[in-house]
Amino acid sequence: MKKDNRITDVEITLTDADVVVASDVHFPYQDDKAIAAFRKYIKEKQPKVVVLNGDVLDFYKLSRFSKDPAGKNPAEEIEMCRTFLKNIRKDIPTAAIYYTIGNHETRLEKYVLDNAPQIACLVDNVFEIIKTDREDMCVQGCASLTINDTFVLKHGTRLGNKSGLSAIKELEAHYLSGATGHTHRLARFSTRKSGRRFVWLETGCLCDLNPEYMVNADWEQGFAHIKFKKGKLHQAKIIQIENGGVLE
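The structure displayed is predicted, hence computed values, not measured ones.

Novice: Would you mind going over the nonpolar core with me for this structure?
Specialist: Generally speaking, a soluble globular protein has its nonpolar side chains buried in company with each other. The biggest cluster of nonpolar side chains holds 36 residues, and the ones touching the most others in it are Phe38, Phe84, Leu85, Tyr99 and Ile130. Contributing elements (two or more residues each) for this core: strand S2 (17–22), helix H1 (32–45), strand S3 (49–52), helix H2 (74–91), strand S4 (96–100), helix H4 (126–130) and strand S12 (232–242). The leading source of residues in this core is H1, at six residues. Ignoring any residue separated from it by four or fewer positions in sequence, one finds phenylalanine 84 in contact with Val25, Phe27, Ile35, Leu52 and Val56.

Novice: Got a minute to help me understand the sheet that holds strand S10 (residues 196–203) in this structure?
Specialist: Strand pairing in a sheet relies on backbone hydrogen bonds, with the paired strands running either antiparallel or parallel. With mixed pairing, six strands are arranged side by side in an open sheet as S1-S6-S7-S8-S10-S9. In the strand order of this sheet, the two ends are held by strand S1 (10–12) and strand S9 (186–193), each with one partner. On average, each strand axis in the sheet is inclined to that of its neighbour by 15°, with strand direction left out of account. Here strand S7 (residues 151–153) runs beside strand S8 (residues 177–180); their pairing, made up of three bridges, is parallel. Bridge pairing links phenylalanine 151 to serine 177 in S8. Contacts from helix H5 (residues 165–174) reach S8, S9 and S10, with the element oriented near 135° to S10.

How each quantity is defined
Numbers given for residues are sequential positions, taken from 1 along each chain in its written order. Only residues with pLDDT of at least 70 get local features here, since the model is predicted, and only at 80 or more are side-chain atom pairs given and counted; chain-wide, interface and lining totals rely on the full set of residues. No hydrogens and no water enter the side-chain calculation; it runs on all heavy atoms of the structure. Among buried residues, those of type Ala, Val, Leu, Ile, Met, Phe, Trp, Tyr and Cys that are joined through side-chain atoms within 4.5 Å constitute a nonpolar core. Only protein chains enter the area calculation, which uses a 1.4 Å probe; residues under 20% of their type maximum are buried, those over 50% are exposed, and those in between are partly exposed. Going along the chain from the N terminus, every DSSP run of H or I of four or more residues is numbered as a helix, and every run of E of two or more is numbered as a strand. Any pair of residues with heavy atoms lying within 4.5 Å of one another is described as a contacting pair. Paired strands, in this sense, are two strands between which DSSP finds at least two bridges. Note on method: axes are straight lines fitted to C-alpha atoms, helices fitted across the in-contact stretch only, with angles between N-to-C directions ranging 0 to 180 degrees.

As structure tokens, this is what we get:
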């Protein structure tokens, strides 16, 4: 029997709730100070929902790029990710935690399909390999998360060469409000169309701003804080991290 590895979209309903969204940790290229700032924030705020919006893992050795032999292997990265998820669960013991798949998480499936397609049906999906559903993590993996049919969270695919251009492209593609990672930049784009207000956020990263494989990256560290009141989007703001501290 063929194994069903499909990662599905998830929809939830929130009435009055805070949602904190972070992405692009890129273990083993994480920034420990940025992670500490994020963890301190959610521990203090105790949001109802936390979304890890893709590329928590890097899967460095599964990429198509030239690799440093000293780089960490996938098993080491996965263990780093598990430790991170366990710590987040300790910080917010009652919150719902969602982990959307990013383009770096899909490197695992692509690697298997390219190099061993005969056994692809036997390999678990990335969330099953991490074991995100274990009690000490209790994280739900998904392709995307939609809140109240009006706000979508996904890793994102549309790029721009400047901060905010990705947000504009994503909003115009969906005509919903939402938040994406992927660009490693911080931005907030808002507009009104047909009497409705829309907003889209680019939520930055929690990774090293000067990794060995990039020169003069225009990245920014941070995350997003979103509020719903009476089932409607009340606030969507960017939280910037600078030198290991949150700027509000």
